[in-house]
Amino acid sequence: MFLWVELHELTISSSAMPLANMSGSKWRLVLIALLICALIFELDAQEQKAVPGRTPKPRKPKHEKSTNKGPRAITVKPKVKAARAQQILLTQVLNKGKFKKVGETINVQTGDTLELRCRGKPVQWSVPPYLEEDDDGRLRIVQYERYGVLTLVNTTGADTGEYTCYPMYCEDTDCRKEYSKAVKVFVFFPDPQELFVPSSDYYKVIQLRSNWPTVLPCQVTSPEAKVTLHREYPPVELDVDRREISFDVKKGFTIHRPRPYHAGALYCVASLGNLRQSSIKYMLIYVNYPRAPPAPVIQASPSTVTAGENLRVTCSATGERDVAIEFTWDYPGQEIGRPPYTQESIIPVSGGTAQQQSQSVLLVDEVRDVDQGTYTCTAQNMQGARSASTTIKVVPKAKPKKP
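Residues numbered from 1 in each chain as written. Predicted model: local features only at pLDDT ≥ 70, side-chain atom pairs only at ≥ 80, totals over all residues. Heavy atoms only, no water.

## Considering the packing of aromatic side chains
Heads up, the condition is: Any Phe, Tyr or Trp ring, taking Trp's six-membered ring, that has another such ring centre within 6.5 Å forms a pair; planes under 30 degrees apart are called stacked, those over 60 apart edge-to-face, and the others tilted. Using a 1.4 Å probe on the protein chains alone, a residue whose accessible area is under 20% of its type maximum counts as buried, one over 50% counts as exposed, and one in between counts as partly exposed. Here, a charge over a ring is recorded when the distance from Lys NZ or Arg CZ to the ring centre is within 6 Å and its angle to the ring normal is within 35 degrees.
With the rule as written, the count across this model stands at five aromatic pairs. Note on F186 and F188: the rings are 4.8 Å apart at their centroids and 50° apart in plane angle, and the pair reads as tilted. Judged by its relative accessible area of 7%, F186 is buried. By relative accessible area, F188 is classed as buried at 0%. Above the ring of Y147, the side-chain terminus of R117 is found at 4.0 Å from the ring centroid. The aromatic ring of Y166 is capped on one face by K177, whose charged end is 4.6 Å from the ring centroid.

## Quick word on the sheet that holds strand β21 (residues 304-306)
What counts here: Strand pairing is assigned whenever DSSP detects at least two bridges linking the two strands. Secondary structure elements are defined from DSSP: runs of H or I of at least 4 residues count as helices, runs of E of at least 2 residues count as strands, and each element is numbered from the N terminus. Note on geometry: axes are lines fitted to C-alpha atoms, helical ones only across the stretch in contact, with angles between N-to-C directions running from 0 to 180 degrees.
Strands sit in the order β21-β27-β26-β23 across an open sheet of four strands; the sheet is mixed. Taken across any chain shown, the strands that pair with only one partner, and hence form the sheet edges, are β21 and β23 (326-330). Along the sheet, successive strands turn relative to each other by an average axial angle of 30°, direction set aside.

## Examining the sheet that holds strand β1 (residues 90-93)
Neighbouring strands of a sheet are bound in pairs by backbone hydrogen bonds; such pairs are parallel or else antiparallel. If you trace the five strands from one edge of the open sheet to the other, you get β2-β1-β4-β7-β6, paired in antiparallel fashion. The sheet terminates laterally at β2 (99-101) and β6 (139-143), the two strands that pair on one side only. Each neighbouring strand pair of the sheet contributes to a mean axis angle of 25°, computed without reference to strand direction.

## Thoughts on the confidence of the model for the protein chain
What counts, and what does not: Confidence per residue, as judged by the predictor, is encoded in pLDDT with a range of 0 to 100. Whether two residues touch is decided by their heavy atoms; if any such pair falls within 4.5 Å, the residues are in contact.
With 78% of its residues at a pLDDT of 70 or more, the protein chain has an overall mean of 80. Mean pLDDT per element in the protein chain: helix α3 (residues 62-87) is the minimum at 41, and strand β13 (residues 226-231) is the maximum at 95. The low-confidence segment residues 1-22, where pLDDT is below 50, has nine contacts with residues more than four positions distant or belonging to other chains. Below a pLDDT of 50 lies the segment residues 50-58, which in the model reaches one contact outside its immediate sequence neighbourhood of four places, other chains included.

Right, here's the structure in full:
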């Protein structure tokens, strides 16, 4: 305002002075320019106004402050969310809208309702075989916007088993289960009258494979039941040493290294309180499985045959004793329907090894030109098949020399 007063006074005083060399319009333009400069100077002084004796601190750019905190927020928060989503993926819905995170096993009283909620969009469920085969309307599965719900009403001891939720990976309309992200829970339905999960079978035949653990599914309805393994004849309780035989309340008894002496009729006995019950019988049949497919070796005697002579092609393979090996042949004469003649034999391998040599010989009588070509032998056992081949050449019969 001080400058405005001075300029105003200058304008008045100047107007009285003789201006010989300047016209009135030019003088007005000069005054207007001076007035505008004064206003600009006054506004700038108000913006830069500071406390006397202090130098104003320069402001830091706003982007510097956000840059320091930005990476910290990006790296920490997603990890927390991912961990929480994994922990609460499968929950049990309780009464009054309460939720409980499930562990490996849960107990549900028979007659109560089982309700499981699995987060995912969408998800699929796997239930015990009994529920898959017997659809009596008690099982209901619903997919919502962010999760799927499995509901089982009027539960019984037969519903005991493993319940699995599979998140689905979808591309357009094509969806597949993500087995690596599946969440499982084993649900027990304790039945005061039935210690074993009911079965419609009186006995079950199980193969004792020499190269694979064998499971006897003596499944109980309550994890509190004590279960033992017995042989029917001679009647004896088998020792469960956790090395040769072990027990898992979710699976049953496992024979880790089956041997011939494990074969026979076995059954389980469960006891809880004053109740004691026996399971169905398991008929165990020992089968000596080979460790690998056979490796055949083929040999012709000889590889060059004169027309009209007989041909022998031998194929042999060494394997475990009591393990059958089947041989099949492919040979040129098949094209014209020449019937195969084979001889098969088994020879024990000496030296105290539990091995045997199986052999198949293909016989071709009076070979002809059509018998020339590739002969292939395929040896097969319960683990697979392998082949070996050889080539036979047929030469014309020499003509007798004229005397």
